[in-house]
Amino acid sequence: MNFQIENERVVAAFDSKGAEIISFKDKTTNIEYIWQADPAFWASHAPILFPFIGQSKNKQYEYNGKSYPMTNHGFAREYDFKVSEQSKDSISFVLTDSKATQTVYPFQFSFEITYKVEQASLVVSFQVKNTDMSNPLYYSLGAHPAFNVPMVEGTKFEDYSLSFSPKKKRKIFKLADLKEFLLDFSATAEAPTDQDLPLQYGLFKDGLFAYETTGATTCTLHSNKTPHSVAITYDNMPYLCVWSPTPKDAPFVCIEPWVGLPDNTKATGKLAEKFGIQKLEALTSSQTGFTITIK
């Protein structure tokens, strides 16, 4: 089921399946910033990634001596979230554990996502609760929003760039190959994110890449051929993935703030040892989020 929130400047729409953003438009220009899921390229808009990000080694993981299967990016995007609260300018979705989730993820949890429009921004808030009385909860989470590129007629994909603030070099993680989709930690290096990154399809010939983004970070998608732009801002999401499907030359780019990473080629498969995994003690919770601001 689809839902909508709005203010005098912007309107956003969501699908309860996966609590996914399916539209974010500027009312003054009628520009649609979110990719509209053309299956010829990629049939999604902005999936929520939980409780895993990316691929697990051998498509499984081990916890307490037992192996569990896990699909790419976790299962949250496949489930219908319940609407827990809604007003004209905000909406909250919640997913809790069930018999079905327990078969692949043996944890008790509540995962709530709140969207709120404020001026020209969409504020996205995540809350993960461990509802177990005695056992810890292990998880990763992230967002996978795809943004239309080009944003306006008369421009092309290569006219756009990504800029980062603060301007400094950042560690970059890349895939080992396009078969297993595991990260290659031996190839980790520093990326020149102290400079703009011009978009070109060749950037994605080896798949996604992710930056380490400790502390307050802003990534802006922009072009000197239009005043319109999209900025992703957050304080405590330690990684940012950038992806566009290749060799399709798709007219969008994904800018994805993450808490956690896909497995790497040397991962043991044990959940508690997973690089970037988050741990919540019994009956505790954690909050994070990010903001999308358009011009």
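Read on for an overview of the structure. (Residues numbered from 1 in each chain as written. Predicted model: local features only at pLDDT ≥ 70, side-chain atom pairs only at ≥ 80, totals over all residues. Heavy atoms only, no water.)

**A few points about the overall build of the protein chain**
- If you tally the helices and strands in the protein chain, you get one helix and 24 strands.
- Taken against the 2.2 N^0.38 rule, which gives 19 Å for 295 residues, the C-alpha radius of gyration of the protein chain at 19 Å falls within 12% of a compact globule.
- For the C-alpha atoms alone, the extent of the protein chain along its principal axes is close to 55 × 45 × 35 Å.
- The buried share among the 295 residues of the protein chain stands at 53%.
- Taking all contacts inside the protein chain whose residues are at least 6 apart in sequence as the whole, residues at least 24 apart take part in 64%.
- Taken as a whole, the protein chain presents about 13000 Å² of accessible surface, with 49% of it coming from carbon and sulfur.
- The distance from the centre of the 29 positive side-chain charges to the centre of the 33 negative ones in the protein chain is 3 Å. (Helix = DSSP H or I, 4+ residues; strand = E, 2+ residues; numbered from the N terminus. Rg over C-alpha atoms; globule rule 2.2 N^0.38 Å. Buried < 20%, exposed > 50% of the residue type's maximum accessible area, 1.4 Å probe, protein only. Contact = heavy atoms within 4.5 Å. Areas by Shrake-Rupley, 256 points an atom, 1.4 Å probe, with all protein chains shown as cover. Lys, Arg positive; Asp, Glu negative; His and termini not counted. Charge placed at Lys NZ, Arg CZ, Asp CG, Glu CD.)

**Section: the sheet that holds strand 2 (residues 10-15)**
- Spatial strand order, 1-2-3: three strands in an open sheet with antiparallel pairing. The outermost strands of the open sheet, each flanked by one partner alone, are strand 1 (2-6) and strand 3 (20-26). Averaged over all adjacent pairs, the angle separating strand axes in this sheet is 20°, with direction ignored.
- The sheet contact formed by strand 1 and strand 2 spans five bridges and is antiparallel. Within the sheet, the bridge partner assigned to Ile5 lies in strand 2 and is Ala12. (Pairing = 2+ DSSP bridges. Axes fitted to C-alpha atoms, helices over the stretch in contact; angles between N-to-C directions.)

**Quick word on the nonpolar core**
- Among the nonpolar cores identified, the biggest contains 75 residues, and Tyr105, Phe111, Tyr115, Leu122, Phe126, Leu221 and Ile292 are the most heavily contacted of them.
- Per-element tally for this core: the top contributor is strand 9 (residues 109-118), with five residues.
- Discounting chain neighbours no more than four positions away, the residues touching Phe126 are Ile48, Phe111, Glu112, Ile113, Leu141, Ala143, Met237, Ser286, Gln287, Thr288, Gly289 and Phe290.
- Within the second largest apolar cluster, 18 residues are counted, among which are Ala146, Leu208, Trp243 and Ala250. (Core = buried A, V, L, I, M, F, W, Y, C linked by side-chain atoms within 4.5 Å.)

**Quick notes on the pairing of strand 22 (residues 252-259)**
- Extensive coverage of strand 22 is indicated by the burial of eight of its eight residues.
- Neither face of strand 22 is left uncovered, since the one carrying Phe252, Cys254, Glu256 and Trp258 and the one carrying Val253, Ile255, Pro257 and Val259 both have all their residues buried.
- With two bridges connecting them, strand 12 (residues 141-143) and strand 22 associate as antiparallel partners. Counted as the bridge partner of Leu141 is Val259 from strand 22.
- Judged from the three bridges that link them, strand 13 (residues 146-148) and strand 22 form a sheet pairing that is antiparallel. When the bridges of strand 22 are listed, Phe147 appears paired with Val253.
- Where strand 21 (residues 239-243) meets strand 22, five bridges bridge the pair, whose relative direction is antiparallel.

**Some thoughts on the state of the cysteines**
- For the structure shown, the criterion picks out zero disulfides.
- Here Cys219 is not cross-linked by a disulfide; its sulfur's nearest cysteine counterpart is in Cys241, at 11 Å.
- Of the cysteine sulfurs around Cys254, a residue in no disulfide, the closest is that of Cys241, at 7.8 Å. (Disulfide = S-S within 2.5 Å.)

**Side note on the pattern of salt bridges**
- Within this structure, the stated rule accounts for ten salt bridges.
- Its salt-bridge partner being Arg9, residue Asp26 comes within 3.0 Å of it at the nearest N-O pair. Of the two residues, Asp26 sits in strand 3 while Arg9 sits in the loop between strand 1 and strand 2, which places them 17 residues apart along the sequence.
- A salt bridge links Asp159 to Lys156; its shortest N-O distance comes to 3.2 Å. (Salt bridge = Lys/Arg side-chain N within 4 Å of Asp/Glu carboxyl O.)

**Topic: the sheet that holds strand 8 (residues 90-96)**
- With respect to topology, nine strands assemble into an open sheet ordered 7-8-9-10-24-20-19-14-17, the strand pairing being antiparallel. With one partner strand each, in any of the chains shown, strand 7 (82-86) and strand 17 (197-198) form the two edges of the open sheet.
- Of the strand pairs in this sheet, strand 20 (residues 226-234) and strand 24 (residues 285-294) are connected by four bridges, and their pairing is antiparallel. Within the sheet, the bridge partner assigned to Ile232 lies in strand 24 and is Ile292.

**Considering the packing of aromatic side chains**
- Following the criterion strictly, the structure yields 33 aromatic pairs and no others.
- Summarising the aromatic geometry, the rings of Phe50 and Phe111 are spaced 4.3 Å apart at their centres and angled 20° between planes, so their arrangement reads as stacked. In this pair, Phe50 sits in the loop between strand 4 (48-49) and strand 5 (60-63) while Phe111 sits in strand 9, placing the two residues 61 residues apart along the sequence. Grouping residues by exposure puts Phe50 and Phe111 together as buried. (Phe/Tyr/Trp six-rings, centres within 6.5 Å; stacked < 30°, edge-to-face > 60°.)

**Here we look at the environment of Gln287**
- The topology assignment puts Gln287 in strand 24.
- By relative accessible area, Gln287 is classed as partly exposed at 45%.
- Setting aside chain neighbours within four positions, we find Gln287 in contact with Phe126, Gln127 and Asn236.

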